[in-house]
Amino acid sequence: MEKTLMILKPDAVERKLVGKILAKVEAAGLTIVRMEMIRLTPERAKAFYHVHEGKPFLNDLVSYMSSGPVVACVLEAESAIPRLRELMESGAAILSGRS
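How each quantity is defined
- Residues numbered from 1 in each chain as written.
- Predicted model: local features only at pLDDT ≥ 70, side-chain atom pairs only at ≥ 80, totals over all residues.
- Heavy atoms only, no water.
- Pairing = 2+ DSSP bridges.
- Helix = DSSP H or I, 4+ residues; strand = E, 2+ residues; numbered from the N terminus.
- Axes fitted to C-alpha atoms, helices over the stretch in contact; angles between N-to-C directions.
- Contact = heavy atoms within 4.5 Å.
- Buried < 20%, exposed > 50% of the residue type's maximum accessible area, 1.4 Å probe, protein only.
- Salt bridge = Lys/Arg side-chain N within 4 Å of Asp/Glu carboxyl O.

K.L.:
Looking at this structure, I do not really get the sheet that holds strand β1 (residues 2-8). What am I missing?
P.N.:
Whenever strands of a sheet pair, they do so through backbone hydrogen bonds, lying parallel or antiparallel. Reading across the sheet, the three strands line up as β1-β3-β2 and stay open at both edges, with antiparallel pairing between neighbours. Each end of this open sheet is capped by a strand with a single partner; those strands are β1 and β2 (31-38). Taken pair by pair, the neighbouring strands of this sheet meet at an average axis angle of 15°, ignoring direction. With seven bridges connecting them, β1 and strand β3 (residues 70-77) associate as antiparallel partners. From the neighbouring strand, Leu8 faces β3, where its bridge partner is Val71. Here helix α5 (residues 80-89) sits on the sheet in contact with β1 and β3, set at roughly 30° to β1.

Shown next, in the form of structure tokens:
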């Protein structure tokens, strides 16, 4: 079994899409083993996204990720990472309301 992290961003929480997204995650065979709604501080967001240090979008990313609550989920499944990536590719339809 493989585990991976998924963070539902502030706009998904604000637009009340969390339940719909989690249902799709579970339907794709991923198990939610831990979930927590949190509000990232700018410092915590910057530490999480440290791999982007020096890139021009980092400040906007940190500001966005600390602008409201996020839902952090640990997911588990065989090949969890590629399965989640595949699901995220179809995620634009979920967030736009087309799915």
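K.L.:
What should I look at first to understand unusual backbone geometry in this one?
P.N.:
Phi at Lys16 takes a positive value of approximately 60°, unusual for a residue other than glycine. Its location among the elements puts Lys16 in the loop between α1 (10-14) and α2 (18-27). Looking at Lys16, the relative accessible area reads 72%, which means it is exposed.

K.L.:
Honestly, the pattern of salt bridges in this entry has me stumped. Any pointers?
P.N.:
The full count for this structure, using the stated rule, is one salt bridge. The shortest N-O distance in the salt bridge between Glu36 and Arg34 comes to 3.2 Å. Residue class for Glu36 comes out partly exposed when judged on its relative accessible area of 38%.

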